[in-house]
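# Remarks on the overall topology
Each chain, letter by letter, is given below.
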Amino acid sequence: MDFSLLRNIISRYCVGEENWVDSRTVYIGHKEPPPGAEAYIPQRYPDNRIVSSKYTFWNFIPKNLFEQFRRIANFYFLVIFLVQLIIDTPTSPVTSGLPLFFVITVTAIKQGYEDWLRHKADCSINECPVDVVQQGKVVRTQSHKLRVGDIVMVREDETFPCDLILLSSSRHDGTCYVTTTSLDGESSHKTYYAVPDTMAFRTEQETCYHLSLFDFCRPLGAENLLLRGATLKNTQRIYAVAVYTGMETKMALNYQSKSQKRSAVEKSMNAFLIVYLCILISKWSPDRDEPWYNHRTENERQRHVVIRAFTDFLAFMVLFNYIIPVSMYVTVEMQKFLGSYFITWDEEMFDEELGEGAQVNTSDLNEELGQVEYVFTDKTGTLTENNMEFIECCVDGNVYIPHAICNGQILSAASSIDMIDSSPGGYRRVSVFSMSKREKHSLDLFFRALCLCHTVQVKEEETVDGIKRGIHQGRPTSFYISSSPDEVALVEGMKSYFKKAGEFKLLHVLNFDSVRRRMSVIVKSSSGEYLLFCKGADSSIFPRVVSGKVEQVKARVEQNAVEGLRTLCVAYRRLSESEYEEACHHLTEAKLALQDREQRLAQAYDIIERDFVLLGATAVEDRLQEKAADTIESLHKAGMKVWVLTGDKMETAAATCYASKLFRRSTQILELTKKRTEEQSLHDVLFELNRTVLRQHCLDFGLIIDGATLSAVLKPNQEGAGHGNYREIFLEICRNCSAVLCCRMAPLQKAQIVKLIKASKEHPITLAIGDGANDVSMILEAHVGIGIMGKEGRQAARNSDYAIPKFKHLKKMLLVHGHYYYIRIAELVQYFFYKNVCFIFPQFLYQFFCGFSQQPLYDTAYLTLYNISFTSLPILLYSLVEQHVTVETLKREPSLYRDIAKNSLLRWPVFLYWTCLGVFDAVIFFFGAYFLFDNTTFTSNGQMFGNWTFGTLVFTVLVFTVTLKLALDTHHWTWINHFVIWGSLLFYVIFSLLWGGIIWPFLNYQRMYYVFMQMLSSGPAWLSIILLITVSLLPDVIKKVLCRAICPTATERAQVGLGTNSTVKLNL
């Protein structure tokens, strides 16, 4: 069998196309080549093992260490640790090695655990049982043992273990029905066809026997290919041959194309880190004078000048290296990982119907939820429910409303085929007995077309994505399944109002495709008459109609589209026997073509589908999701721009945008569509729209663009001078529009739009949300991707960073969780740099008083435990539970989101303020202690304080100040806040007492013995600690009071308002 055409089909949608050969020859059942055949070189194919894990047992340690030391901070501290081991440095290697070991170990455990989960998932997949046909018998084996060429038997509701070619089916027509939910997100049932030469084989014995006797050459297409991950439905069993296995399957190739996303906060952290690294390097000067106490001869000074300078440089690097907080990275990772559970635990984001809540697939982007500037959303299934309901039909210009509803009232005694005529003459009850013969005939043909022209199947109880269907009052009932929810709605409508359509024989199905945008069937009636029924989009049906009430139907279709209804037109054609035979000839010839098979089929369809008689049109409603309009309005108030990207027609999508309040009645709509560019050149239209938005910038503009015009705008090589800046002009127009609707969009174009906005000069943070497989590309492209657990399958939810049950939950996800996450992590990052400046700058000042001898100010234990134990837990807890305003306030006032937009809390002015505050506090610590103890350096027994007592005093003031600074910044107090903050201070005191109060046998020196207790026995020490803490905290308190009084932010005004309201409630 030659699979070259099949490979082209697959590679067109898969990454890594260049790695594949043009064709592959597969011998079914590993049959030997026939005698006299060309020289056959066996090809080596991979086994069916799926590997999604990063590590193995053998390479985990070296590979993980390599990845961790690619981080600048980790590599830097590794160098510092090695320097401490090699040369004589003022601090112990433990001071750098222990924090680094802690960070590396915690990160390795986290990544190892995540990879272990991936290994478990891989093993469960690779060890799944599979039925393989060998020598006429079915043998059960494990999935990873499958090889290319094996004949596989798959039963109903089983998943295909690899990419297969369908050989035969238990159905007599050689078809099978498949759901591709896990592959492309569609839970609808699709039809696939067996190879005609093998479709008659019903058993494993027949399959093996006949395939061993016959050779055949048959063109293959996508309708013969069963992809790994799809599930067999409504078919007892099939026999198929494995053609692509393991990491060569389409599913595996698609999963390999994901890219790593990085948040804006992480980029800011790296920038700040580089600044502090430069500050660290600048603290050393190679031209300094020799210390006064170092009485060396001139020859000794000149000897090895370069080496001495280099070692001094390294020694100072070691002494001041704590300005770069290595523990910040592990704290940030813990905050993201633990903080993500608050989304999962949120009961308001739990959906009773689905029985599921929000899911977090990527915790690295939590804070990015608070920085979104552009929201790109799908329409069907995202803004709407994707629950189609048959609303009306228009037959020969007369409009009929089902369910016997007139002006919102349900009419009684409606028979099964009674409809309501809502034509312009007024509403009136129409009975089948009162219709004219012509009306009856037209209505009968219209109903027959809807009953016959579809791909709907009947199915009993089944489970799709964990949701049971086909259960009514505890008993199984039949229900309809199809590749399109519109078809199900139409057939269900016809079931209620057209009980018997007669007997027809289905001869051919001309399947729907996105190019033709229509489908047809050829049937034969019991009287021997051949009929061709067709339904599709109005743009694909009207040009092929030769008779019928086109104008009346067209007017009704346009009116329904404006009201947001999904419309389809229905037409038919009677075929003579010769015309039918000619159609059969065209179809057979195209299906058997070895080359250009798809183009030949398209040409055959084009020849057959013409000269129609228009019967009418249908209207199906996809209702707006609950609170979708309120969510979009809140996002607008929060300063976000919302774009709707949909494949629907412009009128339908625009009506949905008005209903969802994306467009208001006061919005001035600008159109950039194919219809307008046909009247004017694209260049003129763009410049005209640009002039309009710039001249009238005070108005509220909304833009509508279609896929064809977007392709022209994004076309890389425009002809003519001055035509190369279409993208910039288009972006300028979009910046001045409050909302944008992109209709008739292909999935790839959705991703292109997101990429275009991401790459604009402002570099805004983008969010994409959708529920179907056609939204996966833009979800992966956006900074933050959110999938909705909708009715179009779970592929969008699986490929997203976050998944929510309904669109309305996006409001709380961004305005509450996103707001909190950003506030918390911004404070965490700035606080870490602040407390490390407070920590290391006194050490720098101390060098001026110790002759630059590299003498440390703090004890080794304090150097090691400062970031690990004394100050780590309070900021970690703050970053998990802090709420500067209440949840209700954030939901009630979406404009508070604007206060944190554009990374406002991690900008350079804020960073410089925190750094200067740290320098100020460090100066107060050091010189305050220095001057206060200048004349009071004796205890009550006359003993003098030493340098370790001085360093311990500075360190005590430091620990208390930075902890109390965090306490002052805390707005939301709970018992755990009190326990951690005051407990950390208590732990420091107890540790210092134990560290200096016991002679530890494992220490070579005991320089801290009795130092802390001696310091606390002095009254001036207590006074200086309290005074220095107060002076250090005072400027920040004064600054906050003045800012709140003079120019308060919206958040600060909300805090004051909340406090006032609380007081009133207490008084009441």
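Because the structure is a prediction, the values reported are computed rather than measured.

### Some words on the sheet that holds strand E32 (residues 701–706)
Within the open sheet, the nine strands sit side by side as E10-E36-E35-E34-E11-E30-E33-E32-E31. Their pairing is mixed. Each end of this open sheet is capped by a strand with a single partner; those strands are strand E10 (359–360) and strand E31 (668–672). Two elements, strand E30 (residues 641–645) and strand E33 (residues 739–743), share four bridges in a ladder whose sense is parallel. Bridge pairing links Val642 to Ala739 in E33. Running at roughly 160° to E31, helix H22 (residues 682–695) makes contact with E31 and E32 of the sheet.

### Let's talk about the side chain of Thr249
Here Thr249 lies in the loop between strand E9 (237–244) and helix H7 (250–255). When neighbours within four sequence positions are excluded, Thr249 is seen to be in contact with Ile50, Cys162, Asp163, Arg228 and Tyr244.

### Let's talk about a negative patch on the surface
A cluster of acidic residues, Glu551, Glu558, Glu651 and Glu671, forms a negative patch at the surface. Locating Glu671 in the fold gives a position in strand E31. Relative accessible area serves as the criterion here: at 33%, Glu671 is assigned to the partly exposed category.

### A word on the pattern of salt bridges
All told, the structure shown has 32 salt bridges when counted by the stated rule. Between Lys806 and Asp351 there is a salt bridge whose closest N-O contact spans 3.3 Å. Here the residue Lys806 occupies a position in the loop between strand E36 (802–804) and helix H28 (809–846), and Asp351 occupies one in the loop between helix H12 (341–344) and E10, the gap between them amounting to 455 residues. Salt-bridge contacts for Glu688 lead to Arg676; the nearest nitrogen and oxygen are separated by 3.0 Å. One end of the pair, Glu688, is in helix H22; the other, Arg676, is in helix H21 (residues 674–679), with 12 residues separating them in the sequence. Beyond isolated ion pairs, a larger network of salt bridges with shared partners links Asp346, Glu348, Lys812 and Lys891.

### Observations regarding the environment of Val456
Position of Val456 relative to the elements: it lies in the loop between helix H13 (437–452) and strand E18 (457–459). When residues no more than four places from it in sequence are discounted, the contact partners of Val456 are Tyr480, Ile481, Ser482, Glu487, Val488 and Val491.

### Re the environment of Trp643
For Trp643, the position within the fold is in strand E30. Residues Trp643 and Cys742, 99 residues apart in the sequence, show an inter-C-alpha distance of 7.4 Å.

### Notes on the environment of Gln142
Assignment of secondary structure puts Gln142 in strand E2 (residues 137–142). Given a relative accessible area of 30%, Gln142 falls into the partly exposed group. Residues Gln142 and Glu127, spaced 15 residues apart in sequence, show a C-alpha to C-alpha distance of 5.0 Å. Beyond its immediate sequence surroundings of up to four residues, Gln142 is in contact with Asn126, Glu127, Cys128 and Val130. A polar side-chain atom of Gln142 sits 2.8 Å from a polar atom in the side chain of His144.

Each value, and the rule that gives it
Residues numbered from 1 in each chain as written. Predicted model: local features only at pLDDT ≥ 70, side-chain atom pairs only at ≥ 80, totals over all residues. Heavy atoms only, no water. Pairing = 2+ DSSP bridges. Helix = DSSP H or I, 4+ residues; strand = E, 2+ residues; numbered from the N terminus. Contact = heavy atoms within 4.5 Å. Axes fitted to C-alpha atoms, helices over the stretch in contact; angles between N-to-C directions. Patch = residues over 30% accessible without salt bridge, like charges linked within 9 Å, V, L, I, M, F, W, Y side chains within 5 Å. Areas by Shrake-Rupley, 256 points an atom, 1.4 Å probe, with all protein chains shown as cover. Salt bridge = Lys/Arg side-chain N within 4 Å of Asp/Glu carboxyl O. Lys, Arg positive; Asp, Glu negative; His and termini not counted. Charge placed at Lys NZ, Arg CZ, Asp CG, Glu CD. Buried < 20%, exposed > 50% of the residue type's maximum accessible area, 1.4 Å probe, protein only. Polar contact = N/O pair within 3.5 Å; in protein donor to acceptor, adjacent residues only side chain to side chain.

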